[in-house]
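# Observations on the three-dimensional arrangement
Listed below are the residues making up each chain.
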Amino acid sequence: MREMILDMVDDILDSEGDVKIGNLTFSRSAILREMDPVAYRSACVDIADSLISDLQDELDSTDDQEEKDEIQERIDMLESI
């Protein structure tokens, strides 16, 4: 689950393309991850919170106990990130 969130954050950050400095090219996600790990972690937490909110809506809208258990397990995994 953690890797999925990291991939999502990287995809969002990298969607505007790479940054070129002289002959060097860097991805935006790599720059943020290296230069400001707190901001990168904050972006990851924001994505996880958004996913938790979506899952909470699913949890509230189902009556199937097995489905509720699966959704709750996914929420618990996201909250541990």
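For the structure itself, look to the data block above.
### Brief notes about the nonpolar core
Judged by nonpolar contacts, the single largest core of 13 residues is most densely connected at Ile5, Val9, Cys44, Ile75 and Leu78. Sorting the residues of this core by element identifies helix H1 (2-14), helix H3 (37-61) and helix H4 (65-79) as the ones contributing at least two each. The contacts of Val9, once residues within four sequence positions are left out, are Tyr40, Ala43, Cys44 and Ile47.

### What to know about the packing of helix H2 (residues 28-35) against H3
Between H2 and H3, whose axes approach to 5 Å, the crossing angle comes to 120°. Taken together, H2 and H3 sit at an angle that is classed as oblique. Of the residues in H3, those in contact with Ser29, Leu32, Arg33, Glu34 and Met35 of H2 are Pro37, Ala39 and Tyr40.

Cut-offs applied
Residues numbered from 1 in each chain as written. Predicted model: local features only at pLDDT ≥ 70, side-chain atom pairs only at ≥ 80, totals over all residues. Heavy atoms only, no water. Core = buried A, V, L, I, M, F, W, Y, C linked by side-chain atoms within 4.5 Å. Buried < 20%, exposed > 50% of the residue type's maximum accessible area, 1.4 Å probe, protein only. Helix = DSSP H or I, 4+ residues; strand = E, 2+ residues; numbered from the N terminus. Contact = heavy atoms within 4.5 Å. Axes fitted to C-alpha atoms, helices over the stretch in contact; angles between N-to-C directions. Parallel < 35°, antiparallel > 145°, perpendicular 65-115°, else oblique.

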